[in-house]
Amino acid sequence: MSTPPVVSTATGEPAADQARVAAPGSAAVGAPGPRPAGRPPSARVRRRMRRARRRALVVGGRALRRAVRAWRSSLQLRIGAITMLVASTVVVIVSLVLFSQISDQLLRVKRDAAIDQVLNGVAYAQTEVSGIATGDSASVRSTLARTVEGLTSRGGSAGDFEVVMVYGSGDQERPAWSRLDIYPALPADLRAEVADGSPAWRYAPVPGEQGEPVPTLVVGAPVPTDARSGDRVEVYFAFPLDQEQESLGLIRSTVVISGTALVLFVVGIGVLVTRLVVGPVRRAAGGAQRLAAGHLEERLAVRGEDDLARLATSFNAMAESLQKQITQLEGLSQLQQRFTSDVSHELRTPLTTVQMAADVLHEARGDFDPAVARSAELLRAELDRFEGLLTDLLEISRYDAGAATLEAEAQDLGPLVERVAAGMTVLAERHGCTLQVEVPTSAVIAEVDGRRVERVLRNLIGNAIEHGQGQPVEITLAANRSATAITVRDHGVGLDPVAAQHVFDRFWRADPSRMRTVGGSGLGLSISLEDARLHGGWLQVWGQPGQGAQFRLTLPLTAGADLASSPLPLRPAPTRLVGGGS
């Protein structure tokens, strides 16, 4: 039979292997090879702990965010939590006060009964030890033992107890006890006070019958004797408080259970009352949301005659009034749209006839005298302006009727911007300003309706030329991964905050007394805004009085995509003008 290897208690490896490892350079057969390279176990443990800590932080953060969201969004939860907190605080305070009073009263009754029993026991012990022979130690021991036995057998109203008697003569003490382990457990300060000649009591842990410490009321008193001077007799009663401790534990359990039940009951009442109040408010909020979504027939059920019923009645009255007003406004709007559409269509035929006659007169103006020739030119110009107004009215009526459609196709916006700017050069020269176009060197491909984008740019550039006071007009094109933007910046009169809010309104002018020099219809910016919205884009404006204005058109590169940001800022960076006409 082979002998098992001796194992080291320090590392758990065989002792022979340890010897081989401790002696480098030895060529012992069977020595273990080097440990493969890799992370030590402690590093792997730390790595797992870090991952677990990060995971716990993530889970805790999510739970905290959910709790905060629930706290903010639920009035019922807040009231229930606050009710539970307040009720728990009150119950805890009342329970502590009540338990303290019960405990004090229970211990006071125990202490009073114990002191009365000790005083009776002192009187009995005095009769027993009055004739003790102080010089005879056997007589002292027998007298003390007989007295302890008598006191133990007498019983009393304070419950179970143990007795210790001590006879002291100088520095010598002769104790007697009803149980051996009571005497060493007597508190030193209690013994000192009794040795001074006065009764005293203390609460102290005293070993029980099984040796475990038991809370005990220890009462001691000196026993008067006719012994010689310097001798003393002391008696100590130890009253275990285990029954009182059991009573207090039962009372504590009862108070905890009753308090918990009371807290839950109060919280349940609070949640129920809150639900009765919050329920109608939630129904009113849901009704208001449906009313805001366009369901004008939404009404709340009225129950009773209380405040909630009055709330429902007021809500229904408000909804009825809103429905009537919105119905009237819709009727007026439809009538206005129909009127605009009908007038535009009805004027198209006579306008065409008048234009044909004006074209004939314009072609023959060389045969007229100068005044008549000038009138023919003005007639032709005003008819062209009138035709543009009718075209804009028809276009805006199509938007009002929801008949406008987007014919999007992928195209490069750089040439489109340059083409529109080139077409506006004559107008810009007429106003003494220049157009500065900045487009990326790479192609900006977007799915847009080219006709509508050109119309938006013509409106924006024409508006910038008209209000630019001869300063240069800057046109910038840029793009990112999801959107493209075109800004038109002028350095003219600018816009105040009120004008910026109304600049896209139909037929709105910042200064009604100011004459139009470009000859627009007053609908250009309104149609431009609708064109941008039809693309799913933005048309925004920034302006400051005396610093000019900047319009920004932002469009998604893919038709139907949602916009999150714009490649160009709406507020331009401060620039210093170097040139430009005035």
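Conventions and cut-offs
Residues numbered from 1 in each chain as written. Predicted model: local features only at pLDDT ≥ 70, side-chain atom pairs only at ≥ 80, totals over all residues. Heavy atoms only, no water. Salt bridge = Lys/Arg side-chain N within 4 Å of Asp/Glu carboxyl O. Helix = DSSP H or I, 4+ residues; strand = E, 2+ residues; numbered from the N terminus. Buried < 20%, exposed > 50% of the residue type's maximum accessible area, 1.4 Å probe, protein only. Pairing = 2+ DSSP bridges. Axes fitted to C-alpha atoms, helices over the stretch in contact; angles between N-to-C directions. Core = buried A, V, L, I, M, F, W, Y, C linked by side-chain atoms within 4.5 Å. Contact = heavy atoms within 4.5 Å. Left-handed = near helix turned anticlockwise from the far one by under 90°. Nonpolar A, V, L, I, M, F, W, Y, C, P; charged D, E, K, R; others polar. pLDDT = per-residue confidence, 0-100.

Just checking my understanding: could you explain the pattern of salt bridges for this structure?
Opposite charge on two side chains permits them to pair, given that their charged atoms come into close proximity. All told, the structure shown has 18 salt bridges when counted by the stated rule. One salt bridge connects Glu-454 with Arg-419, and the closest N-O pair in it is separated by 2.6 Å. In this pair, Glu-454 sits in helix 11 (residues 450-467) while Arg-419 sits in helix 9 (residues 413-423), placing the two residues 35 residues apart along the sequence. Salt-bridge contacts for Arg-533 lead to Glu-530; the nearest nitrogen and oxygen are separated by 3.8 Å. Taken together, the residues Arg-533 and Glu-530, both in helix 13 (residues 524-534) and three residues apart, mark about one turn of the helix. Arg-533 gets classed as exposed once you look at its relative accessible area, which sits at 52%. Classification of Glu-530 by relative accessible area gives partly exposed; the value is 23%.

Help me understand the sheet that holds strand 7 (residues 435-438), please; the structure alone is not making it clear to me.
Sheet strands line up and pair through hydrogen bonds in the backbone, either parallel or antiparallel. Strand order in the open sheet formed by five strands is 7-9-10-12-11, with mixed pairing between adjacent strands. Two strands close off the open sheet at either side, each with one partner strand: strand 7 and strand 11 (538-544). Within the sheet, the average angular offset between the axes of one strand and its neighbour, ignoring direction, is 15°. Bridging between strand 7 and strand 9 (residues 473-479) involves four bridges; their strand directions are parallel.

Would you explain the nonpolar core in this entry?
Proteins that are soluble and globular tend to have nonpolar side chains buried together. Ranked by internal contacts, the top residues of the largest apolar core, which has 38 residues, are Ile-465 and Phe-504. In terms of residue count, helix 11 provides more of this core than any other element does, seven residues in total. Among residues more than four places away in sequence, those in contact with Ile-465 are Met-424, Leu-427, Ala-428, His-431, Cys-433, Leu-435 and Val-473. Core analysis: the second largest hydrophobic core is formed by 25 residues, Ala-114, Ala-125, Leu-151 and Val-235 among them.

What am I meant to see in the packing of helix 11 against helix 13 here?
Helix-helix packing is characterised by the crossing angle of the two axes and by the distance between the axes. Two elements in contact, helix 11 and helix 13, have axes separated by 9 Å at closest approach and are oriented at 145°. Pair helix 11 / helix 13 crosses with left-handed handedness. From helix 11, Arg-452, Arg-455, Val-456, Asn-459, Leu-460 and Asn-463 reach across to helix 13, where they touch Gly-524, Leu-525, Ile-527, Ser-528, Asp-531 and Leu-534. Residue composition of the contact of helix 11 with helix 13, grouped by class: five nonpolar, four polar and three charged.

It is not clear to me how the confidence of the model for the protein should be interpreted in this structure. Could you clarify?
In regions of low pLDDT, the predicted coordinates are not meant to be interpreted in detail. Across the protein, the average pLDDT comes to 80, with 83% of residues at or above 70. Taken together, the stretch residues 1-33 has pLDDT below 50 and engages in 16 contacts with residues farther than four places along the chain or on a different chain.

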